[in-house]
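Single-letter residue listing:
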Amino acid sequence: MNKILRGILIGLTVLIVIGTSGIAMALHGETFVSPWLPGLLSLALGVSTSLVMWKWWIPLTGTDSRLFNTLCHIVTVTSVAIAAFYGANYAFADRSTHHTEMAVVEGRYSETRYHSKRVGRRVVGRGEPYKVYHIEVCLTDGQKKRLSVPFGRFRRIHTGDTISLPVEMGALGFPVIRKE
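Caption draft 1: Spotlight on the overall build of the chain. Along the chain, the regular secondary structure elements total five helices and five strands. Each helix and strand of the chain, ordered N terminal to C terminal, gives the series α-α-α-α-β-β-β-α-β-β. Relative to the compact-globule value of 16 Å for 180 residues, the chain shows a C-alpha radius of gyration of 21 Å, a clear excess of over 25%. A principal-axis box enclosing the C-alpha atoms of the chain has dimensions of 60 × 50 × 25 Å. For the chain, with 180 residues in total, the buried portion stands at 33%. For the chain, restricting intrachain contacts to residue pairs at least 6 apart in sequence, the fraction spanning at least 24 positions comes to 64%. Summed over all atoms, the accessible surface of the chain reaches about 11,300 Å², with 64% contributed by carbon and sulfur. Both charge centroids of the chain, one from 21 positive and one from 12 negative side chains, sit 15 Å from each other.

Now the structure itself:
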């Protein structure tokens, strides 16, 4: 395979893995499901298909190493599968099941994070601090979820309060929060 074409395909594969991982993380924040279930299902798919498909990676990686090609396959397939799981559940949610679910705030907390700042030509340091605000809610059926909220809403919510969440049943049977 041509070096330029292989470089382009490797870059495209890395972008796919990063993009699908970002999609999965974003949609997990809107889905009531334990992250272990889609993670283990996707990993099982990646491992099981790698038993045969690791050979397909030889032209792309340029190496005959079974271990390296298997790892490339597992990482790529797992990230695509988990994004497909969350994406299908969210995108094809049953709109007719749209309802408002009452959730009890079980906890609220803030985290201090830091912006990055360039210190030198090749050095990036810790920049200015900023806060992010979260609440932990429990639905009536016992499912729990951590939600990120803006400061204005965080300030008005207290532990024990009841809030309303717009919920729909996802295509794969896991409830999703639909912001209106």
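On we go from here.
Caption draft 2: Highlighting the nonpolar core. In terms of nonpolar packing, the biggest core is built from 15 residues, with Ala-103, Val-105, Ile-135, Val-137, Leu-147, Ile-163 and Leu-165 touching the most fellow members. Secondary-structure elements contributing two or more residues to this core are strand E1 (94–118), strand E2 (124–139), strand E3 (144–149) and strand E4 (162–169). Apart from residues lying up to four places away in sequence, Leu-147 is in contact with Gly-29, Tyr-133, His-134, Ile-135, Val-137, Leu-165 and Ile-177. Core analysis: the second largest hydrophobic core is formed by seven residues, Val-33, Ile-82, Phe-85 and Phe-174 among them.

Caption draft 3: Geometry of the sheet that holds strand E5 (residues 175–177). Pairing is antiparallel in the open sheet, where five strands are placed in the order E3-E2-E1-E4-E5. Unpaired on one side and paired on the other, E3 and E5 mark the two borders of the sheet. Strand-to-strand twist across the sheet, computed as the mean angle between neighbouring axes with direction ignored, equals 50°. In this sheet, E2 lies alongside E1 in antiparallel orientation, the contact comprising 14 bridges. Within E2, the residue paired with Glu-111 across the bridge is Val-132.

Caption draft 4: Structural context of the side chain of Asn-89. Here Asn-89 lies in helix H4 (residues 66–91). Only 3.1 Å separates the side chain of Asn-89 from the backbone oxygen of Phe-174, close enough to count as a polar contact. Dropping the residues within four chain positions of it, Asn-89 is found in contact with Thr-31, Gly-170, Ala-171, Leu-172, Gly-173, Phe-174 and Val-176.

Caption draft 5: Up close: the pattern of salt bridges. In the structure shown here, the tally under the stated rule is five salt bridges. Glu-168 serves as the salt-bridge partner of Arg-95, at 3.6 Å between the closest nitrogen and oxygen. Here Arg-95 is found in strand E1, whereas its partner Glu-168 is found in strand E4, with 73 residues between them in sequence. In this structure, Arg-146 and Glu-111 form a salt bridge, with 3.7 Å as the shortest nitrogen-oxygen distance. Residue Arg-146 is found in strand E3, and its partner Glu-111 is found in strand E1; the two are separated by 35 residues along the sequence. With a relative accessible area of 42%, Arg-146 lands in the partly exposed category. Three or more residues are tied together by salt bridges with common partners; here these are Arg-95, Glu-168 and Arg-178.

Rules of the game
Positions within a chain are numbered from 1, following the residues in the order the chain's sequence is written. Local features are withheld for residues below a pLDDT of 70 in this predicted model, meaning they are given only at 70 or higher, and side-chain atom pairs are given and counted only at 80 or more; totals for whole chains, interfaces and linings count all residues. Side-chain measures were taken over the full set of non-hydrogen atoms in the model, leaving aside hydrogen atoms and water. Working definition: helices are DSSP H or I runs of at least four residues, strands are E runs of at least two. Numbering for both runs from the N terminus. Each radius of gyration is computed over the set of C-alpha atoms, and the globule rule expresses the reference value as 2.2 Å times the number of residues to the power 0.38. Residue exposure (1.4 Å probe, protein chains only): buried if accessible area is under 20% of the type maximum, exposed if over 50%, otherwise partly exposed. Contacts are assigned to residue pairs that have any heavy atoms within 4.5 Å of one another. For the accessible areas, the method is Shrake-Rupley and the probe is 1.4 Å, while residue cover comes only from the protein chains on display. This count recognises Lys and Arg as positive and Asp and Glu as negative, with His and chain-terminal groups excluded. For the purpose of locating charges, the reference atoms are NZ of Lys, CZ of Arg, CG of Asp and CD of Glu. Residues enter a nonpolar core if they are buried and are Ala, Val, Leu, Ile, Met, Phe, Trp, Tyr or Cys, with the set joined through side-chain atoms within 4.5 Å. Strand pairing is defined by DSSP finding a minimum of two bridges between the two strands. Helix axes are fitted only over the stretch in contact, all axes being lines through C-alpha atoms; the angle between N-to-C directions runs from 0 to 180 degrees. Pairs of N or O atoms are called polar contacts if they sit within 3.5 Å, as long as, within protein, a hydrogen donor faces a hydrogen acceptor (for residues adjacent in sequence, only side-chain-to-side-chain pairs). For this analysis, a salt bridge means a side-chain nitrogen from Lys or Arg found within 4 Å of a carboxyl oxygen belonging to Asp or Glu.

Functional significance is not addressed by these values, which are geometric in nature.
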